[in-house]
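Spelled out, the chains give:
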Amino acid sequence: MASESVELNNRAISLPNLMKYTFGTKDAIPERDKSITERFSRLRREFPVMGMRRTVEAIILTHQHKMPHILLLKIGATYFKLPGGTLEPGEGDSEGLHRILTTLFGEPFIADDGQHIFAPFPCEIREVVANWWRPHFEPTQYPYLPSHITRPKEHRRMILVELPPEGCFHVPGNYNLLAAPLFELFENTPGYGPVIASLPLSLSKVGKILQSILPILSNRDHKGTCGKIGVVGGSLEYTGAPYFAAMTSLRLGADLAHVFCRPEAAVVIKSYSPELIVHPILCTPGCEAKFDEWLSRLNAIVVGPGLGRDADLDELFPKILTSVVKKELLLVVDGDGLFLLQKHLDLVKGYGKCMLTPNAMEFQRLEKAVGFSPTSFDAPDTELQTSVARLASHLGSLTVVRKGRSDIISNGVVTFDCSLPGSPRRCGGQGDLLSGSVATLAFWASEKCVENGGMLACLAACSLIRSCAEISFEKFGRGLVASDMIPVIQVALKHLLEQK
Ligand SMILES: NC(=O)C1=CN([C@@H]2O[C@H](COP(=O)(O)OP(=O)(O)OC[C@H]3O[C@@H](n4cnc5c(N)ncnc54)[C@H](OP(=O)(O)O)[C@@H]3O)[C@@H](O)[C@H]2O)[C@@H](O)CC1
Ligand SMILES: Nc1ncnc2c1ncn2[C@@H]1O[C@H](COP(=O)(O)OP(=O)(O)OP(=O)(O)O)[C@@H](O)[C@H]1O
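Here the structure is a predicted model, which means the values were calculated and not measured. Position numbers for residues start from 1 in each chain and track the written sequence from start to end. Written order decides the labels, with chains lettered from A and ligands numbered from 1. Only residues with pLDDT of 70 or above have their local features reported here, since the model is predicted, and side-chain atom pairs are shown and tallied only from 80 upward, although totals for entire chains, interfaces and linings are computed over all residues. To get the side-chain values, all heavy atoms of the structure are used, and hydrogens and water are removed first.

In this section: the domain arrangement of the protein. As far as domains go, the protein holds domain 1 (4-203) and domain 2 (210-498). Once you take the C-alpha centre of each, domain 1 and domain 2 turn out to be 37 Å apart. Note on definitions: a residue-residue contact is assigned when non-hydrogen atoms from the two residues lie within 4.5 Å. Opposite the 15 residues of domain 1 that make contact, domain 2 presents 19 residues. Buried area counts how much accessible surface, traced with a 1.4 Å probe, disappears from two parts once they are put together, with both parts' losses summed. Taking both sides of the interface into account, the surface hidden between domain 1 and domain 2 amounts to around 1,400 Å²; carbon and sulfur atoms contribute 55%. We count a salt bridge whenever a side-chain nitrogen from Lys or Arg sits within 4 Å of a carboxyl oxygen from Asp or Glu. Linking domain 1 with domain 2 are zero salt bridges. Here a polar contact is recorded for every N or O atom pair within 3.5 Å, except that within protein the pair must consist of a potential hydrogen donor and a potential acceptor, and residues adjacent in sequence are included only if both atoms are side-chain atoms. Between the two partners, domain 1 and domain 2, sit zero residue pairs in polar contact (both at pLDDT 80 or more). Each domain span listed reflects an automatic or database assignment of domains.

Turning our attention to the sheet that holds strand S20 (residues 399-402). Strands in a sheet are paired, the pairing made by backbone hydrogen bonds, and the direction either parallel or antiparallel. The rule for pairing is simple: two strands pair if DSSP sees at least two bridges between them. Labels follow the DSSP assignment, with helices taken as runs of H or I lasting at least four residues and strands as runs of E lasting at least two, numbered in each case from the N terminus. Taken together, nine strands build an open sheet; the order of strands is S16-S15-S14-S17-S18-S19-S20-S21-S22 and the sheet is mixed. Looking at the sheet topology across the chains shown, the edges are occupied by strand S16 (277-279) and strand S22 (415-418). In this sheet, neighbouring strand axes are inclined to one another by 15 degrees on average, regardless of whether the strands run parallel or antiparallel. Pairing of strand S14 (residues 228-232) with strand S17 (residues 300-303) involves four bridges; the strand directions are parallel. Residue pairing in the sheet places Val231 in a bridge with Val302 of S17. With respect to the sheet, helix H14 (residues 381-394) is in contact with S20, strand S21 (407-410) and S22, its orientation differing from that of S21 by roughly 35 degrees. Helix axes are fitted only over the stretch in contact, all axes being lines through C-alpha atoms; the angle between N-to-C directions runs from 0 to 180 degrees.

Time to look at the site of ligand 1. Residues are counted as near a molecule or strand when any one of their heavy atoms sits within 4 Å of it. Taken together, 20 residues lie around ligand 1, and Gly306, Arg309, Asp336, Arg365 and Asp432 are the ones closest in. Gly304 is positioned with one of its backbone polar atoms (N or O) 3.4 Å from an oxygen atom of ligand 1. One of the side-chain nitrogen or oxygen atoms of Asp336 is found 2.8 Å away from an oxygen atom of ligand 1. For accessible areas, the Shrake-Rupley method is used with a probe of radius 1.4 Å. Any residue's cover is judged against the shown protein chains and nothing else. In isolation ligand 1 offers 910 Å² of accessible surface; the protein chains occlude 55% of this area. Those elements that place two or more of their residues in the shell around ligand 1 are helix H7 (240-252) and helix H13 (360-369). Ranked by residue count, the leading element in the shell around ligand 1 is H13, at four residues. Following the grouping adopted for this structure description, the nonpolar residues are Ala, Val, Leu, Ile, Met, Phe, Trp, Tyr, Cys and Pro, the charged ones are Asp, Glu, Lys and Arg, and the polar ones are all others, Gly among them. Broken down by class, the residue content of the shell around ligand 1 amounts to seven nonpolar, eight polar and five charged.

Turning our attention to the site of ligand 2. Lining the immediate environment of ligand 2, one finds 15 residues, of which Asn359, Lys403, Asp407, Gly429 and Gly431 sit closest. Computed on the free molecule, ligand 2 has an accessible area of 630 Å², of which 80% lies beneath the protein chains in the complex. Those elements that provide at least two residues to the shell around ligand 2 are helix H15 (430-447) and helix H16 (453-476). Broken down by element, the residue count for the shell around ligand 2 peaks at three residues, all from H15. Here the residues of the shell around ligand 2 sort into two nonpolar, seven polar and six charged.

Two numbers describe how helix H6 (residues 206-213) lies on helix H18 (residues 489-497): the axes approach to 7 Å, and their chain directions differ by 115 degrees. The pairing of H6 with H18 is recorded here as roughly perpendicular in orientation. Residue-level inspection shows Val206, Gly207, Leu210 and Gln211 of H6 in contact with H18, the latter providing Leu493, Leu496 and Leu497. Tallied by class, residues from the contact of H6 with H18 come to five nonpolar, two polar and no charged. By definition in this entry, angles of less than 35 degrees are roughly parallel, angles greater than 145 are roughly antiparallel, angles of 65 to 115 are roughly perpendicular, and the rest are oblique.

What follows deals with the packing of aromatic side chains. Each aromatic pair joins two rings of Phe, Tyr and Trp (for Trp, the six-membered one) with centres within 6.5 Å, and gets the label stacked for planes under 30 degrees apart, edge-to-face for over 60, and tilted for any other angle. Evaluation of the coordinates by the stated rule reveals ten aromatic pairs. Taking 5.7 Å as the distance between ring centres and 80 degrees as the angle between the ring planes, the aromatic pair formed by Phe47 and Phe137 counts as edge-to-face. Linking Phe47 in helix H1 (residues 36-50) with Phe137 in the loop between strand S10 (124-134) and strand S11 (154-162), this pair joins segments that are 90 residues apart in sequence. The buried label applies to any residue whose accessible area, calculated with a 1.4 Å probe on protein chains only, is under 20% of its type's maximum; exposed applies above 50%, and partly exposed to all values in between. Assessed through its relative accessible area of 18%, Phe137 is described here as buried. Ring centres 5.0 Å apart and planes at 90 degrees place the aromatic pair Phe105 and Phe169 in the edge-to-face group. Placement of Phe105 in helix H2 (residues 93-105) and of Phe169 in strand S12 (residues 167-172) is noted, with a sequence separation of 64 residues between them.

Running from amino to carboxyl end, H16 crosses H18 at an angle of 115 degrees, the nearest separation of the two axes being 9 Å. Judged on the interaxial angle alone, H18 and H16 are roughly perpendicular. Helix-helix and strand crossings are classified by hand; for H16 and H18 the assignment is right-handed. Each of Ser463, Leu464, Ser467, Cys468 and Ile471 in H16 lies in contact with H18, whose residues at this interface are Ile489, Val491, Ala492, Leu493, His495 and Leu496. Taken together, the residues that form the contact of H16 with H18 break down as eight nonpolar, three polar and no charged. A crossing counts as left-handed when the near helix is turned anticlockwise from the far one by less than a right angle, and as right-handed when that turn is clockwise.

What follows deals with the pattern of salt bridges. For the structure shown, the criterion picks out 22 salt bridges. Between Arg156 and Glu57 there is a salt bridge, with the nearest N and O atoms lying 2.7 Å from each other. You can see Arg156 sitting in strand S11 and its partner Glu57 sitting in strand S4 (residues 53-64), a full 99 residues away along the chain. Across the pair, exposure class does not vary: Arg156 and Glu57 are buried alike. The salt bridge involving Glu91 is made with Arg99; its shortest N-O contact spans 2.7 Å. For Glu91, a relative accessible area of 8% corresponds to the buried category. Linked by salt bridges that have partners in common, Arg32, Asp33, Arg42, Glu46 and Arg53 make up one network.

What H6 keeps buried is the set Val206, Gly207, Ile209, Leu210 and Ile213. Buried residues of H6, seen end-on, are gathered within an arc of 160 degrees and therefore sit on one face of the element. Tucked inside the fold, the buried residues of H6 contact H15, H16 and H18. The directions considered for the arc run from the helix axis to the C-beta atoms.

Here it is, written out as structure tokens:
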């Protein structure tokens, strides 16, 4: 097989087999700077004239023995880099990257006027997979633009490049071109540096991720093995939200779902479904002790759907968070939980098992709460990605999922973008479905000790809920409501698992 088609970042891309490629060498293209010190001196010299340096780098994927590999250039014994270079002033990303790849890999020939030039390197420039910024004239770089930096010195973009099924690389003599398997790069910062080491996560495939997370059902399991999920929410006004979150966890495959709500919401929630275990305890005497006792039996907690914002929660909410963190449980904060969290961010700062799932408005509130200026709802995707990574990093690398036209997921180091089509229907409750599925998938990922389980669970959950929306929209059109999405959870899951 010359070319395998795989789904990366939810888009089909074909990976050529390197066996179908030939390799030639051509004259060396000396590195412009002889050392790292020289590189930064030149950056400093050029900055006042040229402004921020814009660098584009190619993620060229191939497959060998059915395993995806990324092409790297090796210089000397230990230095690896992605094929790429600096854009000219005013040059676009695609145009510039194609020019650079042509210089690096195009066939050399002599033009009619005697000039040594290169034949255009055949490839297709696809989407940006990752962004990194260099705030100062020094090696430190971030996958987001730190808020206090107004004049970054370099912006690096990693761009997916698709190759035809066969072809030829003409490699400059001073480089070795090699294909590194993704698993070798994964989190291997000492070997490849932070940028290359983070690429496998940025490129992860949803079907594979789900497969690695889902528990295998067995007759040896007992009730609870597949998860006991708690939802803290439900008030006089909002009874649907906690039901959606808890029911999603059951319909996804968790064994037990508990709802901790205000007494006035309990009978209503219970009447929606006999499956839910409903505790009418919120803001009642002895609530904390009762909640604490139940917590010990649960695996993951969603705090916030339909919780309300009444004054008595000011006292209870931080106590709930403290108990969850003390018991080291997986924690998803959503809906009104995010509203209340503004005053209590310190309680979750640095808590790696915490996942925040804000919508556009809730995200802005969190930004303001930490002193960042809020990112506009309509900001371009790259700016939103930067803002989500900045917030996640500021909060001590917990996971932030900003829901929207594309869902952006970041832990401050790695940022994913889930842009499956979903549906154009914006009815309430879809975010509650997401929070219930994040909690369940995060528990399963933690049980299987999946590396970066929280991030992958969030990516998988976003893909799942968008897929549910897409499938159910086909049937219900503009009349689609959140309840219509719950029965298709397993259909959507199967669909994602079957992704090639
Ligand atoms: N059936 C039930 O029980 C349900 C209960 N729910 C529960 O309700 C609670 C409050 O949640 P919430 O989302 O209504 O409150 P909040 O965050 O203050 O947003 C309010 C305003 O923000 C804006 N806005 C939001 N997104 C935006 C965007 N993308 N782009 C632009 N603007 C955007 C928008 O403003 P508007 O357009 O109205 O001016 C919106 O009205 C919470 O606990 C939740 O779980 C829901 O789950 C629904 C089903
Ligand atoms: N513009 C959009 N296009 C496609 N999908 C979207 C869009 N906006 C949001 N979604 C999807 O809808 C789901 C819920 O996101 P939303 O922003 O409505 O959350 P929310 O306001 O917290 O929901 P809830 O009504 O449950 O409180 C997410 O899975 C998200 O991917």
